[in-house]
Amino acid sequence: MAGGWLIGVMVQAPEEKAFLRHYYAVGFDDRAKAEWTGVDHALKAGVVASSPIDGLEPVQAIAQVPATMMKTLGLADGQVRALGWQYPRRWIIPHLAV
């Protein structure tokens, strides 16, 4: 089993007045594939920002998620889990943050 990524995407959901960073746990080892997969899922939640907002990139890989942590948190290879807009601390190992 390969690792995955924690991806942050700036999204404006229909019920929100502003863009907020929404987090996705993506079970792909390839960073670019994980980012694009995160964007694909964010589009289901609302409008994705096309440029930086308040210094935050529209799409950003926040941290790599090791395979052992994916197993512990129940994320399968290739799976995407929407984590919402609150910072998902339990998905991050500090020394692995990008």
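Bear in mind that the values here come from a model prediction, so they are computed numbers and not experimental data.

Asks: Sorry if this is basic, but what is going on with the pairing of strand S1 (residues 4–12) here?
Replies: In summary, the side chains of a regular strand alternate between the two faces of the sheet. Extensive coverage of S1 is indicated by the burial of 8 of its 9 residues. Strand direction decides the pairing type here: S1 and strand S4 (residues 59–65), joined by 6 bridges, are antiparallel. If you follow Trp-5 over to S4, its bridge partner there is Gln-64. Sheet analysis places S1 next to strand S2 (residues 20–26), joined by 7 bridges and oriented antiparallel. Looking across to S2, one finds that Val-9 is bridged to His-22. Sheet topology places S1 next to strand S3 (residues 47–48); 2 bridges connect them, and they run antiparallel. Of the residues in S3, the one forming a bridge with Gln-12 is Val-47.

Asks: How should the side chain of Arg-21 be read in this particular structure?
Replies: Within the secondary structure, Arg-21 is located in strand S2. Here Arg-21 is buried and forms no salt bridge, its nearest opposite-charge partner Glu-57 lying at an N-O distance of 8.1 Å. Non-local contacts of Arg-21, meaning those with residues more than four positions away in its chain, are made with Gly-8, Val-9, Met-10, Leu-56, Glu-57, Gln-60, Ile-62, Gly-84 and Trp-85.

Asks: Sorry, what's going on with the packing of aromatic side chains here?
Replies: Two numbers describe a pair of aromatic rings. These are the distance of the centres and the angle of the planes. Under the counting rule described, the total for this entry stands at 1 aromatic pair. Residues Tyr-23 and Tyr-87 carry aromatic rings whose centres are separated by 5.8 Å and whose planes lie at 90° to one another, so their mutual orientation is edge-to-face. Here Tyr-23 is found in strand S2, whereas its partner Tyr-87 is found in the segment after strand S5 (80–84), with 64 residues between them in sequence. Here Tyr-87 falls in the partly exposed class, since its relative accessible area comes to 47%.

Asks: So what exactly am I meant to see when it comes to the environment of Asp-54 here?
Replies: Tracing the backbone shows Asp-54 in the loop between S3 and S4. For Asp-54, a relative accessible area of 78% gives the class exposed. Expressed as a C-alpha distance, the spacing of Asp-54 and Phe-19, which sit 35 residues apart in the sequence, is 9.9 Å.

What counts, and at which threshold
- Residues numbered from 1 in each chain as written.
- Predicted model: local features only at pLDDT ≥ 70, side-chain atom pairs only at ≥ 80, totals over all residues.
- Heavy atoms only, no water.
- Buried < 20%, exposed > 50% of the residue type's maximum accessible area, 1.4 Å probe, protein only.
- Helix = DSSP H or I, 4+ residues; strand = E, 2+ residues; numbered from the N terminus.
- Pairing = 2+ DSSP bridges.
- Lys, Arg positive; Asp, Glu negative; His and termini not counted.
- Salt bridge = Lys/Arg side-chain N within 4 Å of Asp/Glu carboxyl O.
- Contact = heavy atoms within 4.5 Å.
- Phe/Tyr/Trp six-rings, centres within 6.5 Å; stacked < 30°, edge-to-face > 60°.

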